[in-house]
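What follows is the residue order along each chain.
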Amino acid sequence: MSRAHRGRLPIVDATTPPVLVLAGPVTRTEVAGLCEEVRALLAAGGSGLVVCDVGGLGPPGLGVVDLLARLELAARRAGGRIRLRDPDPALPALLDLLGLRFELEGQPEQREPALGVEEAVEPRDPAL
């Protein structure tokens, strides 16, 4: 049980993941440095997650896909993962087409169903 001091807010340990802002176009020589930066952010952050703001990368192409795949691989090898923030609307479709799964910020995780959604309704089921 914790006690709050009068007139003060209780101390809360909120862990927010670090953010890596990617601005494009990114050259092949910059990719290694960005991978190293992801590893350093994971080591310093402690949350096991780095948010990659991809809004500045421009229209998606194979170069963007290669960059994101390498960043995810570097994060996985360091014991973490990346989450994409502000992707171009075509980027998730391109990644899905290539069979690459990335967590997008603001979307529920795959293993968690959206609240209030039923998979199937039988005519005799009672209303909730």
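Presented here is a report on the structure given in the accompanying data block.

Quick look at the environment of proline 60 now. Relative to the assigned elements, proline 60 resides in the loop between β2 (49–56) and α2 (62–77). Distance from proline 60 to aspartate 88, taken between C-alpha atoms, is 7.0 Å for residues 28 residues apart in sequence. Residue contacts for proline 60: discarding those within four places in its chain leaves Asp88, Ala90, Leu91 and Leu94.

Moving on, we come to the sheet that holds β2. The four strands lie next to each other as β1-β2-β3-β4, forming an open sheet whose pairing is parallel. At either margin of the open sheet sits one strand with a lone partner, and together these are β1 (19–23) and β4 (103–104). In the sheet, β1 pairs with β2 via four bridges, with the strands oriented parallel. From the neighbouring strand, alanine 23 faces β2, where its bridge partner is glycine 56. Its contacts with the sheet put α2 on β1, β2 and β3 (81–85), and the angle it makes with β3 is roughly 145°.

Our focus in this paragraph is the pairing of β1. Every second residue of β1 is oriented toward a common face, the buried set being Leu20 and Leu22 and the non-buried set Val19, Val21 and Ala23. Remark: the β1/helix α1 (residues 28–45)/β2 crossover connection has right-handed handedness.

The subject of this paragraph is the packing of α2 against helix α3 (residues 90–97). The geometry of α2 relative to α3 is characterised by a closest axis approach of 11 Å and an angle of 70° between their N-to-C directions. One way to sum up the angle between α2 and α3 is to call them roughly perpendicular. Between α2 and α3, the contacting residues are Val64, Val65 and Leu68 on the first element and Leu91, Leu94 and Leu95 on the second. A per-class count over the contact of α2 with α3 returns six nonpolar, no polar and no charged.

The rules we used
Residues numbered from 1 in each chain as written. Predicted model: local features only at pLDDT ≥ 70, side-chain atom pairs only at ≥ 80, totals over all residues. Heavy atoms only, no water. Helix = DSSP H or I, 4+ residues; strand = E, 2+ residues; numbered from the N terminus. Contact = heavy atoms within 4.5 Å. Pairing = 2+ DSSP bridges. Axes fitted to C-alpha atoms, helices over the stretch in contact; angles between N-to-C directions. Buried < 20%, exposed > 50% of the residue type's maximum accessible area, 1.4 Å probe, protein only. Right-handed = clockwise from strand over helix to strand, strands pointing away. Parallel < 35°, antiparallel > 145°, perpendicular 65-115°, else oblique. Nonpolar A, V, L, I, M, F, W, Y, C, P; charged D, E, K, R; others polar.

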